[in-house]
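Each chain is listed here by its residues.
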Amino acid sequence: MDFLNALVLILDSTIRLSVPLLLACLAGLYSERAGVFDIGLEGKMLAGAFAGAAGAAVTGSAWLGLLCGILVSVGMALVHGFASITHRGNQIVSGVAINFIAAGSTIILGQAWFQQGGRTPALGAAQRFEAIELPGAAALRDVPLIGQIYSELISGHSLLTYFAFLMVPFTWWVLYRTRFGLRLRAVGENPAAVDTAGVSVAWLRYRAVICTGILTGIAGCYLSMVQNAGFVKDMTAGKGFIALAALIFAKWKPVNAMFACLLFGFLDAASIRLQGTPIMGVRVPVQLMQALPYILTVILLAGFIGKAIPPRAGGVPYVKER
Amino acid sequence: MKRFVLGLLAATAMATSAFAEDIQPALLFDLGGKFDKSFNEAAYNGAEKFKTESGIPYVEFEVSNASQREQALRRFAEDGRNPVVMVGFSWSDALTKIADEFPETKFAIIDMVVDKPNVRSVVFKEEEGSYLAGVMAGMASKSKKVGFVGGMDIPLIRKFGCGYVGGAKAAGATDVIQNMTGDTPAAWNDPTKGGEIAKSQIDQGADVIYAAAGGTGVGVLQAAADAGKLGIGVDSNQNGLLPGKILTSMIKRVDVAVYDAFTTAKDGSFKPGINVLGLKEDGVGVAMDDNNKPLVTPEMTAAVDKAKADIIAGTIKVHDYMSDNQCPY
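Bear in mind that the values here come from a model prediction, so they are computed numbers and not experimental data. (Residues numbered from 1 in each chain as written. Chains lettered and ligands numbered in written order. Predicted model: local features only at pLDDT ≥ 70, side-chain atom pairs only at ≥ 80, totals over all residues.)

**Q** Mind laying out the overall build of chain A, listing which residues take part and the relevant values?
**A** The helix and strand tally for chain A stands at 13 helices and 2 strands. By the compact-globule yardstick of 20 Å for 322 residues, chain A fits well, its C-alpha radius of gyration being 21 Å. Along the longest, intermediate and shortest principal axes, the C-alpha atoms of chain A span 70 × 50 × 40 Å. When the 322 residues of chain A are sorted by exposure, 48% land in the buried category. (Helix = DSSP H or I, 4+ residues; strand = E, 2+ residues; numbered from the N terminus. Rg over C-alpha atoms; globule rule 2.2 N^0.38 Å. Buried ≥ 20, exposed ≤ 12 C-beta atoms within 10 Å, placed from the backbone.)

**Q** Can you explain the overall build of chain B? Please cite residues and give values.
**A** Scanning chain B from terminus to terminus reveals 11 helices and 12 strands. At 22 Å, chain B has a C-alpha radius of gyration in line with the 20 Å of a compact globule built from 329 residues. Residues classed as buried in chain B amount to 57% of the 329 residues present. Taking the contacts inside chain B whose residues are at least 6 apart along the sequence as the reference set, 69% of them involve residues at least 24 apart. (Contact = placed C-beta atoms within 7 Å.)

**Q** Outline the UniProt feature "transmembrane region" (unreviewed entry) in chain A, listing residues and values.
**A** Residues and elements named next belong to chain A. In this structure's numbering, the residues bearing the UniProt feature "transmembrane region" (unreviewed entry) are residues 7–30, 50–80, 92–114, 159–176, 206–225 and 288–306. End C-alpha atoms of residues 7–30 are separated by 33 Å, and the span's content is 100% helix alongside 0% strand. The span residues 50–80 carries 94% helix and 0% strand; its end-to-end C-alpha distance comes to 19 Å. (UniProt positions renumbered as here; feature names shortened; annotations may be inferred.)

**Q** Tell me about the pairing of strand 9 (residues 230–235) of chain B, residues and numbers included.
**A** In regular strands, side chains alternate between the two faces of the sheet. All names here are of chain B. The element strand 9 is extensively covered by neighbouring structure, given that 6 of its 6 residues are classed as buried. Here strand 8 (residues 208–212) runs beside strand 9; their pairing, made up of 3 bridges, is parallel. Looking at strand 9, one finds that Ile209 is bridged to Gly231. Following the chain from strand 8 across helix 8 (residues 216–226) to the adjacent parallel strand 9, one finds a crossover that is right-handed. (Pairing = 2+ DSSP bridges. Right-handed = clockwise from strand over helix to strand, strands pointing away.)

**Q** Summarise the UniProt feature "domain: ABC transporter substrate-binding protein PnrA-like" (unreviewed entry) in chain B; cite the residues concerned and give the values.
**A** In the numbering used here, UniProt assigns the feature "domain: ABC transporter substrate-binding protein PnrA-like" (unreviewed entry) to residues 27–318 of chain B. Helix makes up 41% of residues 27–318 of chain B and strand makes up 22%, while its end C-alpha atoms are separated by 32 Å.

**Q** I'd like to hear about the domain arrangement of chain B, residue by residue, with values.
**A** All names here are of chain B. Each assigned domain of chain B is listed with its residue range as follows: domain 1 (2–125 + 255–277) and domain 2 (126–251 + 283–324). Centre-to-centre separation of domain 1 and domain 2, based on C-alpha positions: 31 Å. Counting from both sides, the interface comprises 14 residues of domain 1 and, opposite them, 18 residues of domain 2. The leading source of residues in the side of domain 1 that touches domain 2 is helix 2 (residues 39–54), at 3 residues. (Domains from an automatic or database assignment.)

**Q** Run through the environment of Gln204(B), naming residues and quoting values.
**A** Its location among the elements puts Gln204(B) in the loop between helix 7 (191–203) and strand 8. The spatial distance from the C-alpha of Gln204(B) to the C-alpha of Val146(B) is 9.7 Å, given a sequence separation of 58 residues.

**Q** Help me get a handle on the interface of chain A and chain B, residues and values and all.
**A** On the side of chain B, 25 residues touch chain A, which itself brings 24 residues to the contact. At the level of secondary structure, the elements contributing two or more residues to the side of chain A that touches chain B comprise helix 1 (2–33), helix 10 (201–227), helix 12 (254–274) and helix 13 (286–304) of chain A. Partitioned by chemical class, the residues of the side of chain A that touches chain B number 10 nonpolar, 9 polar and 5 charged. (Nonpolar A, V, L, I, M, F, W, Y, C, P; charged D, E, K, R; others polar.)

**Q** Describe in detail unusual backbone geometry, supporting the description with residues and values.
**A** Glycine aside, residues mostly have negative phi, and peptide bonds are mostly found in the trans state. Of the consecutive residues Asn82(B) and Pro83(B), the connecting peptide bond is found in the cis state with omega at 0°. Note on placement: Pro83(B) falls in the loop between helix 3 (68–78) and strand 3 (84–87). Although it is not a glycine, Arg88(A) sits at a positive phi angle of roughly 55°. Examined against the element boundaries, Arg88(A) turns out to sit in the loop between helix 3 (62–86) and helix 4 (91–114). Positioned with a positive phi, Asp282(B) is a non-glycine residue whose angle comes to about 60°.

So this is what it looks like as structure tokens:
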């Protein structure tokens, strides 16, 4: 029972930790499936986190904060689109630039507006997305196993968490069951064919990039308004890049992406939870526990997932032949 | 002509001596940044106090990666900045090198001992302040389980943890859950992970959590407050961050150390060597103010006062983790 309890708590922590990864990973999926590589997920998340927290602090409303976060993130996504779609610039360079701009400007603007060294003021309860109890969670709490799983694992997360996990089937449906999804995938594999069919490659790619912006904005807001209460400089701490790794790991498929992000989240959660606790009587060094997620990532990436083939037109700007 | 030259020389000599009075202090922060609400911010407050009182401006630098340290230090020394004060143990390697190159410059380092003739090293007895924080935590805890979240896993932070464990156990806590945020300097600035560690400790039964983790601590305190538990702040007085949710803060008077270094350099009484500040010297302590008043019971105040007196008198010896890298509690 004690073991089960610990497991449920680790899984609960896994869910919390994998949400920003999942949102960023799905964001990257839209963009990369359309043939626009996006290394700037990290920067857009950071900008979204800042704008979300700043918006919420100023307006006093979590929803307006979320809106700010999404708008700013979409704005940066459009810059990336403008550089790499309209002007056919190098997508990697543009993405890196986005990361730098976000890292620098959030601190400068934060300092100028709030004078707290690049932080936003601490957010109160009304300015954050609080955990919501699903109906019946309290009643079922005492039922063994199922009750515990339902009340602790499934219930008691924020709205954005449920949104993130609902985005997985939704993204799958968009990609594989709608006309937009078909064209999106086609434009990432063979934009010339899409163009021949009379569909605008640029407009399709722009729409994909906007989807990316929306999702990274929400991912950022999750960091600053759910997991934390306010923005702190560099708070994304490399999550955008881990999401990118998860995307490759998932071979650019939404359901795989969810599992990849859950795996990364689980390793992180386990390393936190197992730190300092003896496993089978052996006290595992903290350093090993902390390195474990990375070691496993390397092993899994190197040996177990097979070849990950990116969308064929990924990274290549589309030039209409004349 | 001869007289003129002599006069000129005398004038120059006077000018230089006047110049020597006019110090150009410099302050170098550690990773975590100036406004971490904790360690670095305390240093900033000390420097600001000096500036308002003396009217002498100072220059400052925030490092963003380790390779900048030596460069920044050399640059300040070359520019004739004097005294140069740096906060954080990580400066020691760079300082060991630079201190020899600029024997005329007065350096001060906080949190580390660098044995050079022109360096003042200020170290604190964090274990003593943490012991008091531990006493309060042990008394405030209902589950008799308390938590400790450290930043980067280094002996200095273990020293905080060890004193805290000692105090908490002395006050009746049965279990202290200790976690570190990471092994790299990034661990000073990861509130998300800090919050997650705090939640994990709360799930394991802890109801008072002490964060000695720089900027990461903000996340720890927030997570504790969100769960209706108590946090303990560090370095600066953090009671006001979340009023009524923070039991106390283990204050380390980094501000006093910085202020002291600047003022003694100004009046010419700057002394190199090792300064150890403990409870006796008021270098560490626990913060009591209006924000945590409702949380502190009279028994707690009495216990803290007694422990403090005992430590100063030497009847309680708080173990220093860094002396043997072990914690006996």
